[in-house]
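Each chain is listed here by its residues.
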Amino acid sequence: MSSTTRLTVAQALVRFLSVQYTERDGLRHRLIAGTWGIFGHGNVAGVGQALLEAGEDAMPFHQGRNEQAMVHAAVGHARQLNRLSAQAVTTSIGPGATNLVTGAALATINRLPVLLLPGDYFATRAADPLLQQLEHPTEADVSVNDTLRPVSRYFDRVHRPEALIPAALQAMRVLADPAETGAVTLALPQDVQAEAYDWPEEFFAERVWRVRRPAPDPVELAEAVRAILGAARPLIVAGGGIHHSEAEEALKAFADATGIPVTSTQAGKGSLRHDHPADLGGIGHTGTAVADDLARTADLVIGVGTRYSDFTTASGTLFQNPDVRFLNLNITSFDAHKLAARTVVCDARAGLEALTSALEGHRVKAAYEAEYRAGKERWEQVVTRAFEAADENAVPTQTQLLGALDAVVGDEDVVINAAGSLPGDLHKLWRARSPRQYHLEYGYSCMGYEIPAAIGVQQATPDTPVWALVGDGTYLMMPTELVTAVQEGLPINLVLIQNHGYASIGGLSESVGGERFGTAYRYRAADGTFSGAPLPVDLAANAASLGMDVLRAKTVRELREALATARASDRPTCVYVETDTATPTAPPAEAWWDVPVAETASREAAVAARTEYDRQSAARRTHL
């Protein structure tokens, strides 16, 4: 008979998690590198006690301030380590658990692993109802944790101790599988967490979850080769899957060999260095002129590791060649089949390497290369103009801020953003110098992601300079984890941009007939609208009150100096700047994005916007 160890369910879970590993290409990582937690009655005596008993060596603990933010930090960590390592997040029941939902959705949409361990009601119903329990009149087994089901890739509620064994094994399988990964939830009734059980020692044996690199099917590969050989104007759309599979060098080798130009989604930017002759930058609504011009005439679009969001396809209006066809390399069949594509269901690196070998000697025509290289050169001039400031003593515009940051960062720096007008400017303009430098969360575009994600990235790669770029709207959503950065001594750099409201949505509102309604942070005027003076908030003082070193910059020169000082600091540092929003320096959108406009309206702005909407939407195509 095998030996057993008597532990509580929570103690057993923590011990199990401490000996789980991933391995790819011979490199091993801890699958669960640490646990974030905020404790309440639903987890303090179970998971909390188990973490204390296990100790920091077995399971490092990180103290959070907001449950959603803890998930964001774990996601940042996982992305920085190419999904080979994840973190767990434990919460109490009730609001602590429901606060996980936004973070879980973000993780699953972006195909990034995170383990969620919310407390739950008593399995025995000994206390019923207990504090914060949802009572459903017709479904007694429903709890608030069921809100996590649709945003989790795997969900289980552990009603009995012995049920933990299959649940934990399934959870690890999903977290480590690149085709299935996302948020994984194990709901833990609080009485079960504290219940003791005699666990088989085999449950605590070290396990290695090998992350596969599935090779392309020979038939699919042959069809892909025929499609590329028959294309006159092929174009690559590089998605986040390039980074996740560490396929950047394989992509470079493919582009070098074939001359096929490369565009990138928000998640895929940096797949090639910005100065590679075939790198055309972002594609879609926030893409570059050269990328979008080529997309309109491409006869073969080769999607590698992308899920084709509406920003990438310009809401179905971008790929306009009547003969355009799609070829998708993706580790998931679900994404590979989008746009009625020929499919190569495989690891991105394995697929690109196989294509490069099979296409040996093939190259696009010289005239096509000359065309896109000339377009790239023209766009570089656009970037330079947007980044430069004629007057060093002037208030910087947002794009001049990016130019100042571009002058300060090194190849190893990571720049993080998620929401507002910055994603568009960054996608068009940022000169990505390394695979992990450009960190945009644009699958969920979640305000509040940037600061906790910066903490997760810093934890994953401690010697990496990390920048969180946030506007005032995003900052007010979730500044709480600045306290965590200070507590942990993590020298993240926060660039805090004050523009007195929701600048991005304000601009969108104006374009769709909304007249910037409800988007400014201002006092109410006499007519009842928010059109009075700007609110006298001092966000720099707020950041300082949370323990950050704060540098205020009023001019382009001061901004550049402050950024350099922040990068050299070994303390969490905030660079605060109020930008010039009246001087337009950002290039306009090169492709459309569908935000439906009121079909009937009495206000002139909405009527005009609807006319433009009807004109643009007429170009939408269904690719079959």
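Being a predicted model, the structure only gives us computed values, none of them experimental.

A. Spatial organisation of the pairing of strand β12 (residues 234–238). A large share of β12 lies buried, amounting to 5 of its 5 residues. The side-chain alternation of β12 yields two buried faces, one formed by P234, I236 and A238 and the other by L235 and V237. One ladder, built from 5 bridges, connects β12 with strand β15 (residues 300–304); its direction is parallel. Bridge pairing links I236 to I302 in β15.

B. Seen up close, the pattern of salt bridges. Considering all chains together, one arrives at 37 salt bridges under this definition. For R28, the salt bridge identified is with E23, shortest N-O distance 3.6 Å. Assessed through its relative accessible area of 41%, R28 is described here as partly exposed. On the basis of relative accessibility, which here comes to 18%, the residue E23 falls in the buried class. With a shortest N-O distance of 3.0 Å, D256 and K252 are connected by a salt bridge. Here D256 and its partner K252 are both found in helix α10 (residues 248–258), 4 residues apart, which amounts to about one turn of the helix. Owing to a relative accessible area of 36%, D256 belongs among the partly exposed residues under this scheme. Three or more residues are tied together by salt bridges with common partners; here these are D25, R213, D347, R349 and E353.

C. The arrangement of empty space enclosed by the protein in detail. Taken as a whole and judged by the stated rule, the model has 5 cavities of 30 Å³ or more. Breaking the lining of the largest cavity down by element, the ones donating at least two residues are α9 (240–244), α12 (310–313) and β16 (325–330). Here the element with the most residues in the lining of the largest cavity is α9; it accounts for 4 residues. The volume enclosed by the second largest cavity comes to roughly 150 Å³. Mapped onto the lining of the second largest cavity, the elements with two or more residues apiece are β14 (279–282), α15 (366–387) and α17 (422–429). Counting residues per element, the lining of the second largest cavity draws most heavily on α15, which supplies 4 residues. Partitioning the lining of the second largest cavity into residue classes produces 8 nonpolar, 5 polar and 6 charged.

D. Summary view of the packing of helix α1 (residues 9–17) against helix α6 (residues 164–176). Where α1 meets α6, the axes come as close as 11 Å, and the angle between the chain directions of the two elements is 30°. As α1 packs across α6, the resulting crossing turns out to be right-handed. Between α1 and α6, the contacting residues are V9, A12, L13, F16 and L17 on the first element and L164, A168, L169 and M172 on the second. Partitioned by chemical class, the residues of the contact of α1 with α6 number 9 nonpolar, no polar and no charged.

E. Here's a closer look at the sheet that holds β14. Taking strand neighbours across the sheet as the criterion, the 6 strands line up as β14-β13-β12-β15-β16-β17 in an open arrangement whose pairing is parallel. The open sheet is flanked by β14 and β17 (342–345), the only strands paired with a single partner. Averaged over all pairs of adjacent strands, the angle between strand axes in this sheet comes to 20°, irrespective of strand direction. As paired elements, β16 and β17 share 4 bridges and run parallel to each other. Opposite N330, over in β17, you have V345 as the bridge partner. On the sheet, helix α8 (residues 218–229) packs against β15, β16 and β17 and is oriented at approximately 130° with respect to β17.

F. How the structure looks around a nonpolar patch on the surface. Taken together, the side chains of Y523, L535 and V537 define a hydrophobic patch exposed on the protein surface, amounting to about 250 Å² of accessible area. Structurally, L535 can be placed in the loop between α21 (503–511) and α22 (539–545).

G. The arrangement of the sheet that holds strand β5 (residues 61–63) in detail. Pairing in this open sheet of 6 strands is parallel, and the strands run β5-β4-β6-β7-β9-β8 from one edge to the other. Since the sheet does not close on itself, it has two edges, and those belong to β5 and β8 (154–157), each with one partner. Each adjacent strand pair in this sheet contributes to an overall mean axis angle of 20°, direction not counted. Relative to strand β7 (residues 114–120), strand β6 (residues 86–91) is paired through 4 bridges, and the arrangement is parallel. Bridged to T90 within β7 is L117.

The rules behind these values
Residues numbered from 1 in each chain as written. Predicted model: local features only at pLDDT ≥ 70, side-chain atom pairs only at ≥ 80, totals over all residues. Heavy atoms only, no water. Buried < 20%, exposed > 50% of the residue type's maximum accessible area, 1.4 Å probe, protein only. Helix = DSSP H or I, 4+ residues; strand = E, 2+ residues; numbered from the N terminus. Pairing = 2+ DSSP bridges. Salt bridge = Lys/Arg side-chain N within 4 Å of Asp/Glu carboxyl O. 1 Å grid on protein atoms, 1.4 Å probe; cavity = no way out; pocket = protein on both sides within 12 Å on 5 of 7 lines; lining within 4 Å. Points joined across faces, edges and corners; volume = space filled by probe spheres on them. Nonpolar A, V, L, I, M, F, W, Y, C, P; charged D, E, K, R; others polar. Axes fitted to C-alpha atoms, helices over the stretch in contact; angles between N-to-C directions. Left-handed = near helix turned anticlockwise from the far one by under 90°. Contact = heavy atoms within 4.5 Å. Patch = residues over 30% accessible without salt bridge, like charges linked within 9 Å, V, L, I, M, F, W, Y side chains within 5 Å. Areas by Shrake-Rupley, 256 points an atom, 1.4 Å probe, with all protein chains shown as cover.

Such coordinate-based values are descriptive only and should not be taken to indicate function.
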